[in-house]
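The lines below spell out each chain.
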Amino acid sequence: MMNDRVPERDLSRLAVPRWGRLVDTGDRYEPYRLVDADGATVAPVAVYFQELLAAGKAATTVRSYGMDLLRWWRFLHAVEVPWNLRDRRHHERPATAHRSSDLRA
């Protein structure tokens, strides 16, 4: 459902540039780093990676999530939407989905 205030985008011709990259650092405390086109660390992703590691996730998990986030950041860059201003309506879970807190007894 489209909002009248938001113009519809034709994504069929969208070219997603190879913006940024995921860097293998070789550092066990920061195994991967997402950097932008200028080589600067993408700070919100770096914080997220640290949270994953603090929760005991493996470096391979950080890499997997990093590749997904790299694709996401490239897409946002291509559609010229800042990461913190994306339209959340398109990313919300359906009403039938259960939250993990709903499943606790």
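Residues numbered from 1 in each chain as written. Predicted model: local features only at pLDDT ≥ 70, side-chain atom pairs only at ≥ 80, totals over all residues. Heavy atoms only, no water.

### Overview of the overall build of the protein
Convention followed: The numbering of helices and of strands both runs from the N terminus, where a helix is a DSSP run of H or I of at least 4 residues and a strand a run of E of at least 2. Only protein chains enter the accessibility calculation, which uses a 1.4 Å probe; a residue is then buried when its area is under 20% of its type maximum, exposed when over 50%, and partly exposed in between. What makes two residues a contact is simply this: any of their non-hydrogen atoms within 4.5 Å. Only the protein chains shown count as cover for residues, and the accessible areas themselves come from Shrake-Rupley with a 1.4 Å probe.
Looking only at helices and strands, one finds three helices and two strands in the protein. Here the protein holds 105 residues, and 19% of them are scored as buried. A separation of at least 24 residues holds for 46% of the contacts in the protein among residues at least 6 apart in sequence. Summed over all atoms, the accessible surface of the protein reaches about 8,400 Å², with 50% contributed by carbon and sulfur.

### Overview of the confidence of the model for the protein
Condition: Per-residue confidence from the predictor is reported as pLDDT, a score between 0 and 100.
Scored by pLDDT, the protein comes out at a mean of 79, with 72% of its residues at no less than 70. Contacts from residues 90-105, a stretch scored under 50 in pLDDT, to residues over four places away or in other chains number five contacts.

### Quick look at the pairing of strand 1 (residues 21-27)
Put simply, the test is: In short, DSSP must find at least two bridges between two strands for them to pair.
Strand direction decides the pairing type here: strand 1 and strand 2 (residues 30-35), joined by five bridges, are antiparallel. Along strand 2, the bridge assignment pairs V23 with R33. Hairpin connection from strand 1 to strand 2: two residues lie between these consecutive antiparallel strands.

### Notes on helix 2 (residues 59-78)
The following threshold applies: One fewer than the residue count of a helix, multiplied by 1.5 Å, yields its expected span. Directions from the helix axis toward the C-beta atoms define the arc.
Helix length check: helix 2 (20 residues) gives 28 Å between terminal C-alpha atoms against 28 Å at 1.5 Å per residue, within 8%. Of the positions making up helix 2, those classed as buried are V62, G66, L70, W73, R74 and L76. Seen end-on, helix 2 carries its buried residues on one side only, within an arc spanning 155°. Following helix 2 by one or two positions, E80 has its phi on the positive side, about 55°.

### Comments concerning the packing of aromatic side chains
Cut-off, in case you're wondering: To pair, rings of Phe, Tyr and Trp, with the six-membered ring standing in for Trp, must have centres within 6.5 Å; the planes then decide the type, stacked if under 30 degrees apart, edge-to-face if over 60, and tilted in the middle.
If you walk through the whole model with that rule in mind, you get three aromatic pairs. Aromatic pair W19 and W73: ring centres 6.1 Å apart, planes at 10°, arrangement stacked. Of this pair, W19 sits in the segment before strand 1 while W73 sits in helix 2, and the two are 54 residues apart along the sequence. Classification of W19 by relative accessible area gives buried; the value is 13%. When the ring of Y48 is compared with that of Y65, the centres are 6.2 Å apart and the planes differ by 15°; the resulting orientation is stacked. Of this pair, Y48 sits in helix 1 (residues 43-54) while Y65 sits in helix 2, and the two are 17 residues apart along the sequence. Y65 gets classed as partly exposed once you look at its relative accessible area, which sits at 35%.

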